Amino acid sequence: QVQLVESGGGLVQPGGSLTLSCAASGISFSTASMGWYRQPPGKQRELVARITSSGSTMYADSVKGRFTISRDNAKSTVYLEMKILNPEDTADYFCNAGRLTLRGYVPDYWGQGTRVTVSS
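Residues numbered from 1 in each chain as written. Predicted model: local features only at pLDDT ≥ 70, side-chain atom pairs only at ≥ 80, totals over all residues. Heavy atoms only, no water.

Caption draft 1: Expanded view of the sheet that holds strand β3 (residues 18-25). Spatially, 4 strands are ordered β1-β3-β8-β7 in an open sheet, and the strand pairing comes out antiparallel. The outermost strands of the open sheet, each flanked by one partner alone, are β1 (3-7) and β7 (67-72). Strand after strand, the sheet turns through a mean of 15 degrees between neighbouring axes, direction not considered. Sheet topology places β3 next to strand β8 (residues 77-82); 6 bridges connect them, and they run antiparallel. The partner of Ala 23 across the bridge, within β8, is Thr 77. (Pairing = 2+ DSSP bridges. Helix = DSSP H or I, 4+ residues; strand = E, 2+ residues; numbered from the N terminus. Axes fitted to C-alpha atoms, helices over the stretch in contact; angles between N-to-C directions.)

Caption draft 2: Examining the side chain of Arg 38 more closely. Relative to the assigned elements, Arg 38 resides in strand β4 (residues 33-39). Assessed through its relative accessible area of 3%, Arg 38 is described here as buried. Polar side-chain contacts of Arg 38 include one of 3.4 Å to the side chain of Ser 62. A polar side-chain atom of Arg 38 sits 3.0 Å from a polar atom in the side chain of Tyr 93. Apart from residues lying up to four places away in sequence, Arg 38 is in contact with Gln 44, Arg 45, Glu 46, Val 48, Ser 62, Val 63, Phe 67, Glu 88, Asp 89, Ala 91, Asp 92 and Tyr 93. (Buried < 20%, exposed > 50% of the residue type's maximum accessible area, 1.4 Å probe, protein only. Polar contact = N/O pair within 3.5 Å; in protein donor to acceptor, adjacent residues only side chain to side chain. Contact = heavy atoms within 4.5 Å.)

Caption draft 3: Spatial organisation of the side chain of Asn 96. Examined against the element boundaries, Asn 96 turns out to sit in strand β9 (residues 91-101). For Asn 96, a relative accessible area of 0% gives the class buried. Of note is the side chain of Asn 96, whose polar atom sits 2.5 Å from the side chain of Tyr 105. Not counting residues within four places of it along the chain, the set of residues in contact with Asn 96 comprises Leu 4, Ser 33, Met 34, Gly 35, Trp 36, Tyr 37, Tyr 105, Pro 107, Tyr 109 and Trp 110.

Shown next as structure tokens:
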């Protein structure tokens, strides 16, 4: 049974930082591509960042230079370090495990999500 458990969400002031973690089990973590999506209130879910098994990363334009995705294969954990947060980053953040296809990253499994609220 695949489980992806996110942690690290919460309330942060504009300009602040937060790091999300996602612990995975039930998958071959070291060979999986991993990603983070987010869903702002009232909006569609969007891909924020993904990292391949070889460590290649991709980011949405809106978070480039502010967010960093990384992975620790020994801990089967993927991280999303978020800096210079602004209210537009407020969303539910979802970890996922997936694969790369000709169309890009495709998530196969999802975590339950963790809420990030950026507000003063």
